[in-house]
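Understanding the architecture of this molecule
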Amino acid sequence: MPDQNPVIQRTAPVERRVDAIQQALDERGMNASEAVEDLTHRAQEQWIPQNGARVIAKAWVDPEFRKRLLANGRDAALEMGFQMPKHHRHLVVLENAPKVQNVICCTLCSCTAFTLIGLPPDWYKDLQYRSRVVRESRTVLEEMGLKLEPDVEVRVWDTTADTRYMVLPERPAHTAGWTEEQLAAIVTRDSLIGVARL
Ligand SMILES: [Fe+2]
């Protein structure tokens, strides 16, 4: 077809280009395949929402830790052994209240505090979510199963490269006397992003 873009025609699909780069780096002794495997392993085994869940559970049972978490999320998470990459310079923990629901997005791409929340789900990266959650947050939340009373204020937080967010959901009333471990088990990834309540 004469009107097809010759550049696009010459460009291989992204998977093949990635494989080719990986192979070229491997051939030069730079161990790209090993690095990719290591990253995949870390993403699947270590960067999981259960980390954030444990932080939240501790904040629910330990008022002093809660204060530290709200003052400097990064340092408080580190107290529990949860590291964040250097470029995640701030972790801002957003406290929900009966009349306040915080919700996180990244309008530009897909940034999250992924070492605590886990890698972002597909819908979080979708242009629909990224654009609509800002303009019509209440409707988007409702579509995702979270119907809020009209007097609940919705606060939307747009992540940047160096400032990451995590929502501190409210502790459900029926959990009085539960252990930290039991509490951590009910904290979901979606509640840490703010599209669900517990
Ligand atoms: Fe982003």
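Residues numbered from 1 in each chain as written. Predicted model: local features only at pLDDT ≥ 70, side-chain atom pairs only at ≥ 80, totals over all residues. Heavy atoms only, no water.

Thoughts on the coordination of the iron ion
What counts is decided by this rule: Because no water is among the atoms considered, metal sites can look incomplete, with donors defined as N, O and S atoms within 2.8 Å of the metal, or 3.2 Å for Na, K and Ca. Note on geometry labels: four donors, all angles 85 to 135 degrees, give tetrahedral; four donors become square planar and six octahedral when opposite donors are over 155 degrees apart and every other angle is between 65 and 115; remaining cases are irregular. Each residue's exposure class comes from its accessible area (1.4 Å probe, protein chains only) as a fraction of the maximum for that residue type: buried when under 20%, exposed when over 50%, partly exposed otherwise.
Coordination sphere of the iron ion, protein contribution only: Cys106 (SG), Cys109 (SG), Cys111 (N) and Cys111 (SG), at 2.1 to 2.7 Å. Coordination at the iron ion is irregular, judged from the 4 donor atoms that bind it and the angles of 76 to 125° they form at the metal. When its relative accessible area of 15% is taken as the criterion, Cys111 is described as buried.

With respect to the pattern of salt bridges
Heads up, the condition is: The term salt bridge refers to a side-chain nitrogen of Lys or Arg lying within 4 Å of a carboxyl oxygen of Asp or Glu. Helix and strand definitions follow DSSP, with helices as H or I runs of at least four residues and strands as E runs of at least two, each counted in order from the N terminus.
Applying the stated criterion across every chain, the model contains 13 salt bridges. Residue Glu64 is joined to Lys67 by a salt bridge in which the shortest nitrogen-to-oxygen separation is 3.3 Å. Here Glu64 pairs with Lys67, and both are found in helix H5 (residues 63–71), just 3 residues apart, close to one helical turn. A residue is classified by how much of its surface remains accessible, and Lys67, at 55% relative accessible area, is exposed. Residues Asp190 and Arg189 are paired through a salt bridge, measuring 3.2 Å at the closest nitrogen-oxygen approach. Residue classification places Asp190 among the partly exposed residues on the basis of a relative accessible area of 24%. Put simply, Arg132, Glu136 and Glu143 are held in one network by salt bridges that share partners.

Some points on the packing of helix H2 (residues 14–27) against helix H3 (residues 32–45)
Under the convention used in this document: Between N-to-C directions, angles span 0 to 180 degrees; the directions come from axes that are lines fitted to C-alpha atoms, helices contributing only their stretch in contact. Each angle receives one of four descriptions, namely roughly parallel if under 35 degrees, roughly antiparallel if over 145, roughly perpendicular if within 65 to 115, and oblique otherwise. Contact between two residues is taken to exist if any of their heavy atoms lie within 4.5 Å; hydrogens are not considered. Charged residues are taken to be Asp, Glu, Lys and Arg, nonpolar residues to be Ala, Val, Leu, Ile, Met, Phe, Trp, Tyr, Cys and Pro, and polar residues to be all remaining types, Gly included.
Contact pair H2 / H3: the axes reach a minimum separation of 7 Å and the direction vectors enclose 120°. As the angle between them shows, H2 and H3 are arranged oblique. Contacts between H2 and H3 involve Gln22, Leu25 and Asp26 from the first element and Ala32, Ser33 and Val36 from the second. Residue classes in the contact of H2 with H3 are distributed as 3 nonpolar, 2 polar and 1 charged.

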